[in-house]
Amino acid sequence: MNLFKFSSPQTFYSLAGTLAPVFGVIAAVLATVGLYISFFAAPTDAVQGEVYRIIFIHVPAAWMSMVIYLAMAFWSAIGLGLGTRLSFYMAKALAPTGALFCFLALWTGALWGRPTWGTYWAWDARMTSQLLLLFLYFGHIALTNAIEDARRADKAGAIIALVGAVNIPIIYFSVKWWNTLHQGSSINLTKSSMASTMLIGMLIMALAAWAYSIAVTLVRVRSIILERERRTDWAAAEIRLQGAKA
Amino acid sequence: MNWDSFAAFIDMGGRGAFVWGSYGVTLALIVAELWALSRRRRDTLHRLLRLQQLDTDRSAT
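Quick summary incoming for the structure in this document. (Residues numbered from 1 in each chain as written. Chains lettered and ligands numbered in written order. Predicted model: local features only at pLDDT ≥ 70, side-chain atom pairs only at ≥ 80, totals over all residues. Heavy atoms only, no water.)

1. Side note on the overall build of chain B
Alright, step 1. Looking only at helices and strands, chain B features two helices and zero strands.
Alright, step 2. Over its C-alpha trace chain B gives a radius of gyration of 24 Å, far above what one expects of a compact globule, namely 10 Å for 61 residues.
Alright, step 3. Taken over the C-alpha atoms alone, chain B extends approximately 75 × 20 × 10 Å along its principal axes.
Alright, step 4. Split into buried and exposed, the 61 residues of chain B put 30% on the buried side.
Alright, step 5. Charge centroids of chain B, computed over 8 positive and 6 negative side chains, lie 10 Å from each other. (Helix = DSSP H or I, 4+ residues; strand = E, 2+ residues; numbered from the N terminus. Rg over C-alpha atoms; globule rule 2.2 N^0.38 Å. Buried < 20%, exposed > 50% of the residue type's maximum accessible area, 1.4 Å probe, protein only. Lys, Arg positive; Asp, Glu negative; His and termini not counted. Charge placed at Lys NZ, Arg CZ, Asp CG, Glu CD.)

2. Comments concerning helix α5 (residues 150–164) of chain A
Residues and elements named next belong to chain A.
Alright, step 1. Helix length check: α5, at 15 residues, gives a terminal C-alpha distance of 21 Å against a target of 21 Å (1.5 Å per residue), a fit within 8%.
Alright, step 2. The secondary structure elements touched by the buried residues of α5 are α2 (55–82), α3 (85–117), α4 (125–146), α6 (167–177) and α7 (196–228).
Alright, step 3. N-capping of α5 is provided by Asp149, with a side-chain oxygen placed 3.1 Å from the backbone N of Arg151. (Expected span 1.5 Å × (residues − 1). Contact = heavy atoms within 4.5 Å. Polar contact = N/O pair within 3.5 Å; in protein donor to acceptor, adjacent residues only side chain to side chain.)

3. Focus on the pattern of salt bridges
Alright, step 1. The full count for this structure, using the stated rule, is ten salt bridges over all chains.
Alright, step 2. The closest approach of N and O atoms between Arg231 of chain A and Asp55 of chain B, which form a salt bridge, is 3.0 Å. Of this pair, Arg231 of chain A sits in the loop between α7 and α8 (233–245) while Asp55 of chain B sits in helix α2 (residues 16–60), which puts the two residues in different chains.
Alright, step 3. What emerges from the salt-bridge pattern is a single network uniting Glu227 of chain A together with Arg40 and Arg47 of chain B. (Salt bridge = Lys/Arg side-chain N within 4 Å of Asp/Glu carboxyl O.)

4. Quick look at the interface of chain A and chain B
Alright, step 1. Counting residues at the interface gives 45 residues for chain A, matched by 32 residues for chain B.
Alright, step 2. A buried area of about 3400 Å², summed over both sides, lies between chain A and chain B, and 67% of it is on carbon and sulfur atoms.
Alright, step 3. Joining chain A to chain B, the criterion identifies five salt bridges.
Alright, step 4. In this structure, the salt-bridge partner of Glu227 of chain A is Arg47 of chain B, at a minimum N-O distance of 3.2 Å.
Alright, step 5. Seen at the junction of chain A and chain B, the total is 14 residue pairs in polar contact (both at pLDDT 80 or more).
Alright, step 6. Put simply, the parts of the chain that give the side of chain A that touches chain B at least two residues each are α1 (9–41), α2, α3, α7 and α8 of chain A.
Alright, step 7. Ranked by the residues each element gives to the side of chain A that touches chain B, the list is headed by α3 of chain A, at ten residues.
Alright, step 8. Class assignment for the residues of the side of chain A that touches chain B results in 28 nonpolar, seven polar and ten charged. (Buried area = accessible area lost by both parts, 1.4 Å probe. Nonpolar A, V, L, I, M, F, W, Y, C, P; charged D, E, K, R; others polar.)

5. Things to note about the packing of α2 of chain A against α4 of chain A
Working note: a packed helix pair is described by the angle between its axes plus the distance between those axes.
All names here are of chain A.
Alright, step 1. Contact geometry of α2 with α4 gives a least axis separation of 11 Å together with a crossing angle of 40°. Relative to α4, α2 is oriented oblique. By crossing handedness, the relation of α2 to α4 is classed as left-handed. Contact with α2, carried on its side by Ser65, Met66, Ile68, Tyr69 and Met72, involves Gln130, Leu133, Leu136, Tyr137 and His140 of α4 and no other residues of that element.
Alright, step 2. Considering only residue class, the contact of α2 with α4 consists of seven nonpolar, three polar and no charged. (Axes fitted to C-alpha atoms, helices over the stretch in contact; angles between N-to-C directions. Parallel < 35°, antiparallel > 145°, perpendicular 65-115°, else oblique. Left-handed = near helix turned anticlockwise from the far one by under 90°.)

6. Overview of the environment of Met72 of chain A
All names here are of chain A.
Alright, step 1. As for its position among the elements, Met72 is in helix α2.
Alright, step 2. Look at Met72 and you get buried, because its relative accessible area is 0%.
Alright, step 3. Spatially, the C-alpha atom of Met72 lies 7.4 Å from that of Met90, the residues being 18 residues apart in sequence.
Alright, step 4. Leave out the neighbours within four places in its chain, and Met72 touches Ala91, Leu94, Ala95, Tyr137, His140 and Ala161.

7. Describing the side chain of Arg222 of chain A
Alright, step 1. Examined against the element boundaries, Arg222 of chain A turns out to sit in helix α7.
Alright, step 2. The buried charged residue Arg222 of chain A lacks any salt bridge partner; its closest oppositely charged side chain belongs to Glu238 of chain A, at an N-O distance of 4.7 Å.
Alright, step 3. Non-local contacts of Arg222 of chain A, meaning those with residues more than four positions away in its chain, are made with Tyr13, Ser14, Ala16 and Gly17 of chain A together with Arg41 of chain B.

8. A few points about a nonpolar patch on the surface
All names here are of chain A.
Alright, step 1. Taken together, the side chains of Leu80, Ile159, Leu162 and Val163 make up a nonpolar region of the molecular surface, amounting to roughly 340 Å² of accessible area.
Alright, step 2. The element contributing the most residues to the nonpolar patch is α5, with three residues.
Alright, step 3. Of note, Leu162 is situated in helix α5.
Alright, step 4. For Leu162, a relative accessible area of 34% gives the class partly exposed. (Patch = residues over 30% accessible without salt bridge, like charges linked within 9 Å, V, L, I, M, F, W, Y side chains within 5 Å. Areas by Shrake-Rupley, 256 points an atom, 1.4 Å probe, with all protein chains shown as cover.)

9. Side note on the packing of α1 of chain A against α7 of chain A
Residues and elements named next belong to chain A.
Alright, step 1. Across the interface, α1 lies against α7 with an axial gap of 7 Å and an inter-helix angle of 155°. Taken together, the axes of α1 and α7 are roughly antiparallel relative to one another. α7 is crossed by α1, and the crossing has left-handed handedness.
Alright, step 2. In terms of residue class, the contact of α1 with α7 is made up of 29 nonpolar, seven polar and one charged.

Set out below in structure tokens:
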């Protein structure tokens, strides 16, 4: 299989159309199983009681917000290096979903912090760097929409994505590097301090977030491809065909 | 089974507002994103189709 074939917007447009519903279904199934575990299979926490159940959204959302930003940086680097238009479209399609998960990480963190630490918010390193990530997402979205020349907008967005990626290891390691109110990570590759049912539930919810993000990004990139490629013959034909139905 | 009753499930050990505030906003934002996505697709197609028709009209005259 020639992977470069899929760097063509036309080929990727139809591939994305086929894959998006598949990932959508996977996300729905995983979320159903994950939610069942979150509320019914996972036991009450000995220390925190029921409020800990926020973890099943909080951790997957926080992970996803970092992964999506890294994916944007990856596509931006490919776009700048190889000049592939589709890479920039992918970076742009990822940003709103990344911002959504970043906001959810902050929101659920605040609602979890209040009953367990006694405060919704603290300016500690983990929370501040996560808030910065939200502003980076907003900056990417605003900048790429504000610049009229699409190619310049792509490049400006790519620079934000690449420079801002420095913030990701800062978020991840902040709980080690600084003395934060936010607790250290409960799991890493070698050991886990969580009960296994809780851990499995959290991992399934994280996979659901992955599948969801892939599905919505693929749908969004299809609109971006049509907008940007509308002068090509195939896109013009697709617009005539689908535009009449829509 | 963690819950004796539906009321206990909603109450979440007295922390219902925090737990459901988290899950509720998550659900609302996901629904909003899906709605915005389907709207965007429709709006894009309408707009691009009109642009295309304007281009054709212009080249015809």
